[in-house]
Amino acid sequence: MSPFESWHASLNPPPGGLERLMRAIDTQRKPEAARWPRFVIAAAFGVVLIGIGVINRPAQNAMQLRLKDAVQTALTTKIDTQVYVKNGAGLELPSSTPNVRIVWIAQLTQPSATGVDSNEAAHRDD
Amino acid sequence: MPLSDGALYACYRRIEKPLYNVLYRQLWQAQDCQDLIHDAFMRIWAKRDQVDEARVENLIWTTALNLARNRLRWRGLWRFGDVDSAGMAADDPSLEAERYQRDAQLRRALKSLPRAMREVLLLSEFGGLGVAEISSALRIPPGTAASRKHNALARLRAVLENYQ
């Protein structure tokens, strides 16, 4: 056989080419498919978070209002402690000793500006 | 109509062998040829949304030939001495040696042709492509493809006969 004739000899490609292509396309497809559920989960999670935020918002507002009212009441109500806090309020705290009363003083300005001696906060109830 | 995987696999089954035969006579390495065919199909698959099923075969040929040109440039080929057996391994070592010798002669003869002629010749003789398909794959006029094929065959025959 001359080289020219042998040139026409048909070669068979190595086996497994098509399987390799199928595997590669399959592998390429998987991340695409996997991206969808992840996106859906993330979106659903986001929606849930926003929902919780929206639901909790009025409750949070109500709590803030109650706290504000309580502070305002505490600041304006005079308690029967025989302690007068100028520009502030006193709150009696529970005491384990019967003849000792403990009062918590809340001041709106610097102590020096109130003219109140902190020694007045706790005194023996003789 | 965008390309489906079924159409791509069908195309692979159809043209793997002729494509391999053409590429082997350019690269002379079985594994390189298989890798290149794989790469060509993957490239077309990556652009599947823009690929018309009717044109896929043509695109594969064009892509594979471009990849082969790049591969040859990258290798600094055509150098000699690294022809592999391309899956034609014979039990008889003397037959194997004879084949190797013939491949080396053919390779030298093909190398003596200008690249444009060589590609037309390979597509025609190994790819089994007609003039219209060759002109489409190489993006040249059909008349040019036909004359290149005629001249290439004549030159190759003359070169190969000198080896005898």
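Predicted model, so just to flag it, every value in this text is computed and none were measured.

I would appreciate a short explanation of the overall build of chain A in the present structure.
Counting its secondary structure elements, chain A contains 3 helices and 3 strands. Element order for chain A, N to C, with α for helix and β for strand: α-α-β-β-α-β. Burial status across chain A gives 18% buried among its 126 residues. Restricting the contact set of chain A to residue pairs at least 6 apart, pairs at least 24 apart contribute 25%. If you sum the accessible surface of chain A, you get close to 9700 Å²; carbon and sulfur atoms cover 61% of it.

Sorry, what's going on with the packing of aromatic side chains here?
Each aromatic ring pair is described using two quantities: the centre-to-centre distance and the angle formed by the ring planes. All names here are of chain B. Taken as a whole, this structure holds 3 aromatic pairs over all chains when the rule is applied. With a centroid separation of 5.4 Å and 65 degrees between ring planes, the pair formed by Y24 and W28 is classed as edge-to-face. The exposure class assigned to Y24 is buried, which follows from its relative accessible area of 1%. Through a chain of ring-to-ring contacts, the aromatic side chains of Y20, Y24 and W28 assemble into a single cluster. The ring of W45 is capped by R48, whose NZ or CZ atom sits 4.2 Å from the centre of that ring.

Just to check I follow, could you spell out helix α7 (residues 142–163) of chain B for this structure?
Given 3.6 residues per helical turn, the α-helix brings residues three or four places apart onto the same face. Residue and element names in this part refer to chain B. Under the 1.5 Å per step criterion, the end-to-end length of α7 is 32 Å for 22 residues, consistent within 8% with the ideal 32 Å. Taken together, the buried positions of α7 are occupied by A145, A152, L156 and L160. Burial along α7 is one-sided: seen end-on, the buried residues are contained in an arc of 50 degrees. Opposite the packed face of α7, turned more than 90 degrees from it, sit the exposed residues G143, H150 and N162.

Whenever I open this one, helix α1 (residues 5–27) of chain B confuses me. Can you help?
All names here are of chain B. Across its 23 residues, α1 extends only 28 Å between first and last C-alpha, which sits more than 12% below the 33 Å expected from 1.5 Å per residue. Approximately 50 degrees is the largest bend angle found in α1, and it occurs at I15, with the proline P18 only one to four residues beyond. Within α1, 17 of the 23 residues are buried, leaving the element largely enclosed by the surrounding structure. Within two residues after α1, W28 carries a phi angle of roughly 60 degrees, on the positive side.

Even after reading the chapter, I still don't get the packing of α1 of chain B against helix α3 (residues 56–75) of chain B, so can you show me in this structure?
Each pair of packed helices gets described by two things: the angle between the helix axes and the distance between those axes. Residue and element names in this part refer to chain B. At a minimum axis distance of 10 Å, the contact between α1 and α3 shows a crossing angle of 30 degrees. The angle between the axes of α1 and α3 places the two elements in the roughly parallel class. The chirality of how α1 crosses α3 is right-handed. Here α1 contributes L8, C11, R14, I15, P18, L19, V22, L23, Q26 and L27 to the contact with α3, which in turn contributes V56, E57, I60, W61, A64, L65, A68, R71, L72 and R75.

Rules used throughout
- Residue numbers here run from 1 along each chain, matching the order of that chain's written sequence.
- Chains carry letters and ligands carry numbers; both start at the beginning, A for chains and 1 for ligands, and go up in the order they are written.
- Under the rules for a predicted model, residues below a pLDDT of 70 receive no local features and side-chain atom pairs below 80 are neither given nor counted, while totals for whole chains, interfaces and linings still include all residues.
- Side-chain descriptors were evaluated using all non-hydrogen atoms of the structure, hydrogens and water having been removed beforehand.
- Only runs of H or I of at least four residues qualify as helices and only runs of E of at least two qualify as strands under DSSP, and these elements are numbered from the N terminus.
- Each residue's exposure class comes from its accessible area (1.4 Å probe, protein chains only) as a fraction of the maximum for that residue type: buried when under 20%, exposed when over 50%, partly exposed otherwise.
- Note on definitions: a residue-residue contact is assigned when non-hydrogen atoms from the two residues lie within 4.5 Å.
- Here the Shrake-Rupley method, with its probe set to 1.4 Å, supplies the accessible areas, and only the displayed protein chains count as covering residues.
- Any Phe, Tyr or Trp ring, taking Trp's six-membered ring, that has another such ring centre within 6.5 Å forms a pair; planes under 30 degrees apart are called stacked, those over 60 apart edge-to-face, and the others tilted.
- Each ring is checked for a lysine NZ or an arginine CZ that lies within 6 Å of its centre and within 35 degrees of its normal; such an atom marks a charge sitting over the ring.
- Helices are assigned an expected span. That span is 1.5 Å times one less than the residue count.
- Working definition: the arc comes from the directions between the helix axis and the C-beta atoms, pointing outward to the latter.
- We define the bend at each residue as the angle formed by axes fitted to the 7 residues ending at it and the 7 residues starting at it.
- Axis definition: a line fit to C-alpha positions, over the contact stretch in the case of helices; interaxial angles, taken between N-to-C directions, run 0 to 180 degrees.
- For classification, angles of less than 35 degrees are called roughly parallel, those exceeding 145 degrees roughly antiparallel, those between 65 and 115 degrees roughly perpendicular, and all remaining angles oblique.
- What makes a crossing left-handed is the near helix being turned counterclockwise from the far one by less than a right angle; a clockwise turn instead makes it right-handed.

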